[in-house]
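Okay, here's what each chain looks like letter by letter:
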Amino acid sequence: MNTKLIKVNPAAPEKALTAEAGEILRKGGLVAIPTETVYGLAANALDPEAVGKIFDAKGRPHDNPLIVHIANYAEVLPLVQKVDPRLPALAKAFWPGPLTVIMKKSPIVPDVTSGKLDTVAIRMPSDPVAHAIIEAAGLPLAAPSANSSGKPSPTRASHVMDDMDGKIDMVVDGGSCRIGVESTVVTLAMDPPRLLRPGGVTPEELRKVLPDLVIDKAVFSQLAQDEKAQSPGMKYKHYSPKAQVTLLKGSLEGAVGYVAQKKSENSCVLCFAGESEQFNCPAIEYGTAGDGLSQASRVFDVLRQVDDEGYTEAFVRCPQATGVGLAVYNRLLRSAAFKVVEVDKKYPVIGLTGQTGAGKTTVSRYLKENGYHIIDGDILAREAVKNKEVLSALAAAFGKEVVNEDGTLNRKVTAERAFATRENTDKLNAITHPVITAMTVLEIARAESEGAKGAVVDAAALFESPIPTLCTVTAAVVAPEGVRLKRIMGRDRLTEEEALHRIRAQYGEEYYANHADILIENGPDDDYKAGADALMATIEAMM
Ligand code: TXA
Ligand code: MG
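Rules and cut-offs
- The residue numbering used here restarts from 1 in each chain and proceeds along that chain's sequence as written.
- Labels are handed out in written order, letters beginning with A for the chains and numbers beginning with 1 for the ligands.
- Reporting of local features is limited, given that this is a predicted model, to residues whose pLDDT is at least 70; pairs of side-chain atoms are given and counted only at 80 or more, and all residues count toward the totals for whole chains, interfaces and linings.
- Water and hydrogen atoms play no part in the side-chain values, which are based on all heavy atoms of the structure.
- Going along the chain from the N terminus, every DSSP run of H or I of four or more residues is numbered as a helix, and every run of E of two or more is numbered as a strand.
- We compute the radius of gyration from the C-alpha atoms alone; for a globule the expected value is 2.2 Å times N to the 0.38, where N is the number of residues.
- The buried label goes to any residue with under 20% of its type's maximum accessible area, the exposed label to any with over 50%, and the partly exposed label to all in between, with areas taken from a 1.4 Å probe on protein chains only.
- A contact between two residues is defined here by any heavy atoms of the two lying within 4.5 Å.
- Each accessible area is a Shrake-Rupley result for a 1.4 Å probe, and residues are judged covered by the shown protein chains and nothing else.
- Summary of the distance rule: residues count as near a molecule or strand when at least one heavy atom falls within 4 Å of that molecule or strand.
- Polar contact criterion, stated in full: a pair of N or O atoms within 3.5 Å, where within protein one must be able to donate a hydrogen and the other to accept it, and residues adjacent in sequence count only if both atoms are side-chain atoms.
- Any residue with an atom within 4 Å of a point lines the site, the site being either a cavity, points on a 1 Å grid over the protein atoms alone where a 1.4 Å probe fits but cannot get out, or a pocket, an open set with protein on both sides within 12 Å along at least 5 of 7 lines.
- Grid points are joined across faces, edges and corners, and a volume is the space filled by probe spheres set on the points.
- All amino acids are sorted into three groups, where Ala, Val, Leu, Ile, Met, Phe, Trp, Tyr, Cys and Pro are nonpolar, Asp, Glu, Lys and Arg are charged, and the leftover types, Gly among them, are polar.
- With axes taken as lines fitted to C-alpha atoms, and helix axes fitted only over the stretch in contact, angles between N-to-C directions fall between 0 and 180 degrees.
- For classification purposes, angles smaller than 35 degrees are called roughly parallel, those larger than 145 roughly antiparallel, those between 65 and 115 roughly perpendicular, and all remaining angles oblique.
- The handedness criterion is simple: a crossing whose near helix is rotated anticlockwise from the far helix by less than a right angle is left-handed, and one whose near helix is rotated clockwise is right-handed.
- The salt bridge definition used is simple: a Lys or Arg side-chain nitrogen within 4 Å of an Asp or Glu carboxyl oxygen.
- At least two bridges found by DSSP between two strands is the condition for calling them paired.
- Joining through side-chain atoms within 4.5 Å is the link that ties buried Ala, Val, Leu, Ile, Met, Phe, Trp, Tyr and Cys residues into a set, and such a set is a nonpolar core.

Digging into the overall build of the protein
Next, step 1: Across its full length, the protein carries 19 helices and 21 strands.
Next, step 2: The C-alpha atoms of the protein give a radius of gyration of 26 Å, which matches the 24 Å a tight globule of 543 residues would have.
Next, step 3: Seen through its C-alpha atoms, the protein measures out along the principal axes to roughly 90 × 55 × 45 Å.
Next, step 4: Counting over 543 residues, the protein shows a buried share of 55%.
Next, step 5: Considering only residue pairs separated by 6 or more positions, the protein has 70% of its internal contacts joining residues 24 or more positions apart.
Next, step 6: Summed over its atoms, the accessible surface of the protein is roughly 24,100 Å², and 52% of this surface lies on carbon and sulfur atoms.

Concerning the site of ligand 1
Next, step 1: Surrounding ligand 1, one finds 25 residues, the nearest of these being Thr37, Arg60, Asn64, His69 and Ser183.
Next, step 2: Residue Thr37 places a side-chain N or O atom 2.6 Å away from an oxygen atom belonging to ligand 1.
Next, step 3: With respect to ligand 1, the side chain of His69 contributes an N or O atom lying 2.6 Å from an oxygen atom.
Next, step 4: In the complex, 97% of the free accessible area of ligand 1, which totals 690 Å², lies under the protein chains.
Next, step 5: Of all the secondary structure elements, the ones that give two or more residues to the shell around ligand 1 are β4 (67-69), β6 (119-123) and β10 (194-197).
Next, step 6: Sorting elements by how many residues they give to the shell around ligand 1 places β6 first, with 3 residues.

Here's the deal with the layout of surface pockets
Next, step 1: What the second largest pocket holds in volume is close to 1,500 Å³.
Next, step 2: The wall of the second largest pocket is formed by 50 residues, among which Asp378, Ala381, Ala459, Ala460 and Ala461 lie closest to the centre.
Next, step 3: Elements represented by at least two residues in the lining of the second largest pocket include exactly α11 (360-369), β18 (372-376), α12 (377-384), α14 (411-418), α15 (422-449), β19 (454-458) and α16 (481-492).
Next, step 4: A class-by-class count of the residues in the lining of the second largest pocket yields 21 nonpolar, 17 polar and 12 charged.

Describing the packing of helix α1 (residues 15-26) against helix α5 (residues 128-137)
Next, step 1: As a packed pair, α1 and α5 sit with axes 8 Å apart at the nearest point and diverge in direction by 50°. Here α1 lies oblique to α5, going by the angle between them. When the axes of α1 and α5 are compared, the crossing they make is right-handed. Of the residues in α5, those in contact with Thr18, Ala19, Ala21, Gly22, Leu25 and Arg26 of α1 are Ala132, Ile133, Ala136 and Ala137.

Digging into the pattern of salt bridges
Next, step 1: Under the defined criterion, the tally for this structure stands at 28 salt bridges.
Next, step 2: Taking the shortest distance from any N to any O, the salt bridge between Glu23 and Arg26 comes out at 2.6 Å. Linking Glu23 with Arg26, this pair stays in helix α1, spanning 3 residues, or about one helical turn.
Next, step 3: A network of salt bridges, in which partner residues are shared, links Glu23, Arg26 and Lys27.

Description of the side chain of Thr18
Next, step 1: Along the polypeptide, Thr18 turns up in helix α1.
Next, step 2: Setting aside residues no more than four positions away along its own chain, Thr18 makes contact with Pro13, Ala132, Ile133 and Ala136.

Let's talk about the sheet that holds strand β8 (residues 170-173)
Next, step 1: Reading across the sheet, the 11 strands line up as β1-β8-β2-β3-β7-β4-β6-β5-β9-β10-β11 and stay open at both edges, with mixed pairing between neighbours. At either end of the open sheet lies a strand with only one pairing partner, and these are β1 (4-7) and β11 (214-215).
Next, step 2: Where β4 meets strand β7 (residues 141-142), 2 bridges bridge the pair, whose relative direction is antiparallel. Bridging across to β7, Val68 finds its partner in Ala142.

Some details on the nonpolar core
Next, step 1: Counting residues in each nonpolar core, the largest one holds 48 residues, and the members touching the most others are Leu41, Trp95, Leu99, Ile122 and Leu206.
Next, step 2: Of all the secondary-structure elements, those providing two or more residues to this core are β3 (40-44), α2 (48-58), α3 (87-94), β5 (99-104), β6 and α6 (157-164).
Next, step 3: In terms of residues, this core owes the most to one element, α2, which gives 5 residues.
Next, step 4: Ranked by size, the runner-up nonpolar core spans 30 residues in total, among them Val181, Val245, Leu270 and Tyr329.

Now the structure itself:
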């Protein structure tokens, strides 16, 4: 097939050209179009045959559903069973723009488009060319990113031509994509609403409209072989150049040292603006450190450049996972097939936490049997409040009654006052955390000097403390409620009601999934071993 490449004015596309693209789409053809996120490979979303061609051209697995693109709000109505009551506010805040919303689909959306799911993903692009072509076609357009499945998404027409020349009818060149990473995908078909893929709209922005939004764990971590992906796209190898990618978490100095040790003849580095000179290795810059937007607009381009220039290995400076940076981090994690190296932390430190009754202590014991040194956060916390300066700071903050006459801490009064308000709890933490952290650092050094394989900091409130910054990885032990209930009742001699009360007062699995690098799933019979073994394997792979 001959692929026609046409160039349009990105800000004000020529009517005759967008009409030509619209005509191809109406006839069931495929047209690659620019959007503000990445280039999309468009076809009539309601025509199963046309949509089938998208899957063929991309080599895309058939269970991976497509996003349906519309030009005007009213076009949502025929696509969904009913308009979710939260949609108008979302649309008002983010449409047109880089947000995709999933709702229950209506029967007019074919199974091929929705990957046989009963939901449909809808987005209204803001890019003037995309908008004009959807209008010209007069149809909702199914459009995945216009790359071959598995490769980095295209942000320029030349990227699309590299992957699609000869396989589709037309490529519309509207210049470079403004944002450079795909849209944020949110599902309203689950309760609470869930972010399935980070993108141009940040979680912070979304929470202004959807305060109970949760982030799917597939955003941060690799799904297990048999785990169900809420967003099918998350389970496939993705965004990968041919070169092997390694993500370097930590300081610039650490990265420079690591690369100096590990580089080979065909290695390159992807780093931030102004850093190239530091590396004794060819380097390509992608955006500014700490500026997610500038990184987003470059990340896919540089991943493709790595292959174009013949490198077989790329060491990538890790972006900050906040704002749009979260999307950049998420894409890079996948292009690295989750290979992340902590460049600053030579000696492995595991932060271990978990739900009450899930079996954190059992996992700790198992790690100890395997040569790890266990640091008990409870013991350190108790030691910390024996420190004279801590005691006087607590007295100053919460009243002299928090110290007994014999100079020891009155735990009961301290707890009553410190946990009375969020503000007081913050005050307590501000006083005790620095001391506990300093003690932890000493304990880690001791573990290392005594030759332990690594240190494990066992702490119930790990993610509310600064300890994760000391850790190579963090892991959380979780278990089904029934299992935890039984354990707590037996261990602490509680009635079912008391045990339930305690469970409900604590964070659920979602919280741990969102914060921990690794989840250790426990069950009634020593089920934790698989997760704990995977944790140790991860540590060993990093060394
Ligand atoms: O920015 C974008 O969203 C670009 C441009 C072209 O609009 N499109 C895009 O499409 O990134 P694609 O197909 O590369 O990614 C769509 C993602 C996939 O991870 C897919 O699994 C998920 O959205 N998805 C689509 N429909 C879904 C549904 N009904 N339920 C769950 N996930 C869905
Ligand atoms: Mg894609």
